[in-house]
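Here are the chains, one letter per residue:
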Amino acid sequence: MFPDGARRRSVALLTTGVLALPAVAACGASDEGNVPAASQDIEPASRDLVANGSTLTWAVDAVPGTLNAYQADADGATSQVAGAVLPALFTLDDRGRPQANPDYLESAEVVEREPRQVVVYRLNQKAVWSDGREIGAPDFAAQWRALRGKDPAYWTARNAGYDRIAKVERGKDDLEVQVTFDKPYAEWRSLFTPLYPKDVMGTPDAFNDSARVTLKNTAGPFSLKKVDRKAGDITLARNPRWWGDQPKLDQLVFRKVAPKDRTKALTEGRVDLAALTPGEAERISLARRDKGAKGPLAHGPGAGRTPADALMSWAVAHGTEQEAAQSEQLAREQTRSAITTYTAEQKSLAAYEVRKALEPAYTQLALNGADGPLADERVRRAVARALDRDELAETVLKPLELPAQPVGSHLALAGQDAYEDASGALGTQDTAEARALLAEAGWKPGEGASRPQNAGASGEPAEGGGEEAGAAENSGNEDRPGDGGGEYIVGEDDGKPGERGGPMLPRAVAAGQGAALLRQADVVQEDGDGKAEQGARAQQGGPPGAYAPKGTAAPNQSQSPGAEGAAGPLAKDGQPLTLRFVVPSGAGTEQLKAVADKIADQLEKIGVTTAMKKVPSSGYFTDHVASGSYDLALYSWPGTAYPATDGRPIHAKPVPAADGSLNVAQNYTRVGTDRIDQLFDQAVGELDDGARRKLIKEADARIWAVAGAIPLFQRPELVAARPRVANAGAFGFATPRYQDIGFLKKGVQPGAQDRESGS
C-alpha cells in the first residue's frame with residue numbers, strides 16, 4: 001500500500017494491464033488550487049453504521065515472501081499486513097500528506113535545529129505491544145541500529161534517513177523518545193513507520209529470518225493469527241490488547257488470488273475486495289447494468305454475430321458437406337457452452353460493484369540514455385517533444401471515466417503539497433521542433449533509412465522470429481537495428497545498444513544547447529507563479545533550450561510531409577534511427593500495449609522507427625529494464641510523501657563501480673546530472689518547508705530538461721467490492737484505517753457518499 005510500500009520505492013511497478021499515470025491538476029500548492037484529480041471511492045460510513053463482527057476477505061496477488069517491510073522482497077501484501085498489525089506513527093490523508101497518528105502519538109515535533117536537529121516523540125500512554133510491554137525508546141533504538149546501514153549482518157533494503165541519526169534515547173520519561181540527528185533530515189516523518197518491536201529489530205537473525213514468516217509481537221488493531229501458505233491465506237484477528245477504536249471485523253483475511261484467477265474468484269464469491277484490470281471492471285459494470293434483464297446478453301461470446309452470420313452457420317451445420325458440417329456443429333456447441341458459462345459468470349459478478357480512483361502511482365516512458373541514439377540529449381528531447389501526452393492519458397483513463405490529465409512532475413502527484421507542473425522545462429508537444437532536433441543531431445531522410453525487415457505497423461517486427469531470432473536471443477551482444485542489414489527484434493537480443501560505434505554523444509553545439517535548457521530550468525524556479533516562463537513559451541510553445549539551435553530547420557517539404565503526416569524513416573551514417581521498444585505480454589497488459597502502439601505512431605511522424613517486441617511479463621523488468629536491454633520502456637513508480645528521500649535514487653546520476661560496471665541505483669534510464677544530485681541533497685536537509693519545495697521544483701525541472709523519463713499519466717485504481725463493504729476500496733492517497741473497515745448494518749443502504757451517523 002502507499003504508506004510504506006510506495007514510500008520505500010524498493011522496486012518499480014510493472015504496469016501489466018492497469019497502465020495509468022499521475023494526473024496533473026494544477027501548478028500551485030495552495031489548498032484551493034492543488035487538489036487530487038480524483039477523490040477516493042471507499043463507501044465511507046461512520047463507525048456506528050458499520051456492523052460488528054464477520055470476516056472480510058481481501059484478494060492479494062501472492063502470499064508475501066516476507067513480513068518484514070524493510071527487506072528487499074517486501075511487496076504490497078507485506079505493507080498491507082504491516083499496516084494492520086504494526087504501529088504507523090504517521091499515516092497519509094487523502095492528499096498524500098503525513099499526519100500524526102493519535103493511536104500512537106500525542107505529539108511529534110522538531111524541538112531543536114541548532115547545533116543539531118532534535119525530534120521528540122510523545123507516545124500515547126495506552127500504546128502497548130501484544131505481549132503487554134509499552135512501546136518505547138528501546139524499540140526506536142533497535143530499529144535505528146538495524147536500519148542505519150552500519151551493520152552488514154542486517155539484510156536491509158535501504159537506510160535512508162536512519163543513516164542521518166546520531167542517537168536515539170529515552171526522554172524525560174518512558175513515554176518520550178528523543179532522536180538526535182547527525183545531519184538535518186527534513187523528511188523525518190518517514191521514519192519508524194512501520195515500527196517493529198525490539199525483539200524483531202534487536203538481532204540480525206530475528207530481522208533476517210524470523211520476521212519473514214511470522215510476527216509474534218504486534219501493536220495494531222489486528223494481530224497475526226495464521227499464515228497458511230499452502231491455502232494462500234493470511235488471517236488477522238482482533239488484537240485483544242488494542243486500546244483504540246475496536247475493529248469492526250472479527251477477522252481480516254488476505255487471500256492469494258493470482259491476477260489471472262481474479263474473475264474466477266469473484267464469480268465463486270471467494271473474496272469481498274479485489275483489485276481489477278480495466279477489462280474485469282467493465283465486465284462487472286455490464287453485469288450490474290444487465291441485472292434483471294431478460295433475453296441474451298448483448299456482449300460476450302457470440303454477441304458480435306449478425307443474423308447473416310447465424311444463418312450461414314446454420315446452413316453449413318446442416319449442409320451436405322459432412323466434414324464442414326461436423327466442424328461447424330462443434331463450433332456452435334462450443335459457442336453455446338461459452339455463452340452459458342459467460343452468462344452465469346455475469347450473474348455472479350453482479351454481486352459486486354467497481355470502486356475507482358487514481359492510484360498514487362504514475363506510468364512513465366523511460367528513455368535509456370546509456371548509449372546508442374538516446375545517449376544524445378537532442379534525440380531524447382525530440383522523442384519527448386513528439387509525444388502527445390494528453391492522447392496517451394485519454395487512451396487509458398477516459399474509457400474508465402477518470403480525469404485524463406498527463407502528469408506534470410516526477411516527484412509528486414496532483415493534490416500533494418509538493419506538486420507543481422514543471423514540464424515546461426522541456427516544452428510542449430511539437431512535431432516540427434522534434435524533427436528539427438533530430439536534424440541538428442544528424443538524423444535525416446536518406447540512404448539506409450528503412451524499417452526492420454518484416455516490421456508491422458509502427459515498425460513492429462512480426463511475431464515469431466524463427467530460428468534466426470532464436471539464435472539472436474542467445475548470442476550475447478549484437479549490433480543495433482540496421483547494423484549489417486540484419487533484422488532486430490526487441491526481446492530476442494539482450495545486447496547493449498550502441499556497441500558498434502560507441503555512444504553517439506552530443507557535439508559542442510549540443511553541449512551549449514543543453515546548458516541553455518538547464519538554465520531555463522533555473523528560470524522556471526525564479527517566479528512561483530510561472531511568469532518567467534510565459535514569454536518564451538508564448539512565442540515557440542516551450543522554453544528556450546528545448547529547441548534546435550537557431551538556424552536549424554526541420555527537414556524541408558521535399559523530404560518530409562506536413563506536421564500531421566509521417567516524416568519517413570531517418571538515418572545517420574547509413575544507419576536507420578530505430579529504437580528498441582520493450583513491452584510486456586500476458587494477462588492484463590492490453591492497455592500497456594495500446595499505449596505503446598500510440599507512442600510508436602507518434603514517433604513515426606518524426607521519422608523514428610520503433611522495433612517493438614512483447615516479452616514475458618515475468619522477466620520484463622529484471623531482464624530488460626533493470627539490465628538496460630532496451631531503448632524505450634513503460635513502467636511505473638509509486639508516488640511518495642517524501643520526494644527528497646525517495647526521488648534521489650531514481651534520478652541520481654549513475655556512477656562507476658569498483659568493478660568497472662555502472663552503479664545506477666534505481667535510475668534505470670541511466671540519465672542524470674551532478675546538479676540534480678546536489679538539489680536532492682540540499683532538499684533532504686532543508687527544514688524550511690517552502691525552501692524545500694523550491695529545491696524539489698528545481699530538481700524536477702532539471703529532470704524534465706534531460707529527458708530521461710517522461711511521466712505520462714496516473715494509474716487507475718480499480719477495485720471490486722461487495723456493495724455493503726464500508727470504508728474500503730479505491731483509497732487513492734489515503735492510508736486505510738483498518739479498524740473502520742467492515743460491512744454496513746442491515747437497513748443501511750449503500751451508495752450514499754460521506755454518510756454520517758443518524759444519531
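See the structure printed just above.
Residues numbered from 1 in each chain as written. Predicted model: local features only at pLDDT ≥ 70, side-chain atom pairs only at ≥ 80, totals over all residues. Heavy atoms only, no water.

Trainee: Before we move on, could you go through the overall build of the protein and cite the residues and values that matter?
Mentor: When you go through the protein residue by residue, the secondary structure sums to 20 helices and 22 strands. The buried share of the protein, reckoned over its 759 residues, is 53%. Of all intrachain contacts in the protein linking residues separated by at least 6 positions in sequence, the fraction that spans at least 24 positions is 76%. Roughly 31000 Å² of accessible area belongs to the protein as shown, and the carbon and sulfur atoms make up 49% of that amount. (Helix = DSSP H or I, 4+ residues; strand = E, 2+ residues; numbered from the N terminus. Buried < 20%, exposed > 50% of the residue type's maximum accessible area, 1.4 Å probe, protein only. Contact = heavy atoms within 4.5 Å. Areas by Shrake-Rupley, 256 points an atom, 1.4 Å probe, with all protein chains shown as cover.)

Trainee: How would you sum up the sheet that holds strand S6 (residues 165-170)? Please name residues and give values.
Mentor: Here four strands make up an open sheet; going across it, the order is S4-S5-S7-S6 and the pairing antiparallel. If you trace the sheet from one side to the other, it starts and ends with strand S4 (105-112) and S6, each paired once. Across this sheet, the average inter-strand angle for adjacent strands is 15°, counted without regard to direction. Where S6 and strand S7 (residues 176-181) come together, five bridges link them in antiparallel fashion. Among the inter-strand pairings, Val168 is bridged to a residue of S7, identified as Val179. Across the sheet, helix H3 (residues 137-147) is in contact with strand S5 (118-123), S6 and S7; its angle to S6 comes to roughly 160°. (Pairing = 2+ DSSP bridges. Axes fitted to C-alpha atoms, helices over the stretch in contact; angles between N-to-C directions.)

Trainee: Can you break down the side chain of Arg262 residue by residue, with the values?
Mentor: As for its position among the elements, Arg262 is in helix H6 (residues 262-267). A distance of 3.0 Å separates a polar atom in the side chain of Arg262 from the backbone oxygen of Ala275. Apart from the residues lying within four places of it in its own chain, the contact partners of Arg262 are Ala59, Val60, Asp61, Val257, Ala274, Ala275 and Glu280. (Polar contact = N/O pair within 3.5 Å; in protein donor to acceptor, adjacent residues only side chain to side chain.)

Trainee: Could you give an account of the nonpolar core, naming the residues involved and the relevant values?
Mentor: Ranked by size, the top nonpolar core spans 87 residues in total, and within it Tyr121, Phe192 and Leu236 carry the most contacts. Among the elements that take part in this core, H3 stands out by supplying seven residues, more than any other. Other than its neighbours up to four places away in sequence, Tyr121 contacts Leu89, Leu105, Ser107, Ala108, Phe140, Leu175, Glu176, Val177, Val179, Trp188 and Phe192. In terms of nonpolar packing, the next biggest core, distinct from the first, is built from 82 residues, Trp443, Ala633, Leu634 and Tyr635 among them. (Core = buried A, V, L, I, M, F, W, Y, C linked by side-chain atoms within 4.5 Å.)

Trainee: Can you explain helix H2 (residues 76-85)? Please cite residues and give values.
Mentor: The buried fraction of H2 amounts to eight of the ten residues, a majority that puts the element mostly inside the structure. Residues Ala77, Thr78, Ser79, Gln80, Val81, Ala82, Ala84 and Val85 constitute the buried set of H2. Two or three places before Ala77, at the opening of H2, Asp75 has a side-chain oxygen 3.1 Å from that residue's backbone nitrogen.

Trainee: I'd like a rundown of unusual backbone geometry, residues and numbers included.
Mentor: In this chain, Glu114 is followed by Pro115 through a cis amide linkage whose omega measures 0°. A cis amide bond links Thr193 with the next residue in sequence, Pro194, at an omega value of 0°. Following the sequence through the fold, Pro194 ends up in the loop between S7 and helix H4 (198-201). Even without being a glycine, Arg670 presents a positive backbone phi close to 60°. If you trace the backbone, Arg670 turns up in the loop between strand S19 (662-663) and helix H19 (674-684). Although it is not a glycine, Asn727 adopts a positive phi angle of roughly 65°. Here Asn727 lies in the loop between strand S21 (725-726) and strand S22 (742-743). Of the residues examined, Asn727 reaches a relative accessible area of 10% and is grouped as buried.

Trainee: How would you sum up the environment of Phe140? Please name residues and give values.
Mentor: Within the element layout of this structure, Phe140 appears in helix H3. The class for Phe140 is buried, based on a relative accessible area of 0%. Note: C-alpha distance between Phe140 and Met201 (61 residues apart in sequence) is 9.3 Å. Sequence-distant contacts of Phe140, that is, excluding residues within four places in its chain, are made with Leu89, Tyr121, Leu123, Val168, Val177, Phe192 and Leu195.

Trainee: Could you give an account of the pattern of salt bridges, naming the residues involved and the relevant values?
Mentor: Counted according to the given criterion, the structure contains 40 salt bridges. A salt bridge links Arg122 to Glu176; its shortest N-O distance comes to 3.7 Å. Of the two residues, Arg122 is situated in strand S5 and Glu176 in strand S7; the sequence distance between them amounts to 54 residues. Glu176 carries the same exposure label as Arg122, and that label is buried. Several salt bridges share partner residues, and in doing so they unite Arg47, Asp103, Asp245, Arg737 and Asp740 into one network. (Salt bridge = Lys/Arg side-chain N within 4 Å of Asp/Glu carboxyl O.)

Trainee: Tell me about the side chain of Glu280, and name the residues and values.
Mentor: Summarising the element assignment, Glu280 is placed in helix H7 (residues 278-289). We note that Glu280 is buried and unpaired, the nearest opposite charge coming from Arg262 at a distance of 6.1 Å. Not counting residues within four places of it along the chain, the set of residues in contact with Glu280 comprises Pro259, Arg262, Thr263 and Ala275. (Lys, Arg positive; Asp, Glu negative; His and termini not counted.)

Trainee: Go over helix H9 (residues 322-349), please, and point to the residues and values.
Mentor: Taking 1.5 Å as the rise per residue, H9 with 28 residues should run 40 Å; its terminal C-alpha atoms sit 40 Å apart, in good agreement. Taken together, the buried positions of H9 are Ala325, Tyr342, Gln346 and Leu349. (Expected span 1.5 Å × (residues − 1).)

Trainee: Which residues make up the environment of Arg229, and what are the values?
Mentor: Within the secondary structure layout, Arg229 lies in the loop between strand S8 (222-228) and strand S9 (233-238). Separated by 164 residues in sequence, Arg229 and Gly65 place their C-alpha atoms 9.7 Å apart. If we ignore the near neighbours within four places in the chain, the residues touching Arg229 are Val63, Pro64, Gly65, Arg212 and Val213. Within polar-contact distance, the side chain of Arg229 engages the backbone oxygen of Pro64 at 3.0 Å.

Trainee: If you had to explain the packing of H19 against helix H20 (residues 689-706) to someone new, which residues and values would you point to?
Mentor: Two quantities define a packed helix pair, namely the angle between the axes and the distance from one axis to the other. Axis separation between H19 and H20 bottoms out at 9 Å; the angle between their running directions is 160°. In terms of orientation, H19 and H20 fall into the roughly antiparallel class. The handedness of the crossing between H19 and H20 is left-handed. Each of Arg675, Ile676, Leu679, Phe680, Gln682 and Ala683 in H19 lies in contact with H20, whose residues at this interface are Arg692, Leu695, Ile696, Glu698, Ala699, Arg702, Ile703 and Val706. (Parallel < 35°, antiparallel > 145°, perpendicular 65-115°, else oblique. Left-handed = near helix turned anticlockwise from the far one by under 90°.)

Trainee: Mind laying out the packing of aromatic side chains, listing which residues take part and the relevant values?
Mentor: Per the stated rule, a full pass over the model turns up 20 aromatic pairs. Arranged with centres 6.2 Å apart and planes meeting at 25°, the rings of Trp58 and Phe731 form a pair that is stacked. One end of the pair, Trp58, is in strand S1 (residues 55-60); the other, Phe731, is in the loop between S21 and S22, and 673 residues separate them in sequence. The two residues Trp58 and Phe731 agree in class, both being buried. Connected via pairs of aromatic rings, a cluster forms that spans Phe90, Tyr121, Phe140, Tyr162, Trp188 and Phe192. In this arrangement the basic side chain of Arg148 is found over the ring face of Trp144, its NZ or CZ atom lying 4.7 Å from the centre. (Phe/Tyr/Trp six-rings, centres within 6.5 Å; stacked < 30°, edge-to-face > 60°. Lys NZ or Arg CZ within 6 Å of the ring centre and 35° of its normal.)

Trainee: Residues and numbers for the packing of helix H8 (residues 307-317) against H9, please.
Mentor: Between H8 and H9, the shortest axis-to-axis distance is 7 Å and the interhelical angle comes to 130°. Classed by the angle they form, the pair H8 and H9 counts as oblique. Listed contacts from H9 to Ala310, Ser313, Trp314, Val316 and Ala317 of H8 are Ala324, Ala325, Glu328, Gln329 and Arg332.

Trainee: Let's hear about the pairing of strand S12 (residues 353-367): which residues, and what values?
Mentor: Counting buried positions along S12 yields twelve of 15 residues, so the element is predominantly enclosed. Both S12 and strand S20 (residues 709-721) contribute to a ladder of eleven bridges, which runs antiparallel. Within S20, the position partnered with Ala357 by the bridge is Glu717. The sheet contact formed by S12 and strand S17 (residues 632-638) spans seven bridges and is antiparallel. By the bridge assignment, Gln364 is partnered in S17 with Tyr635.

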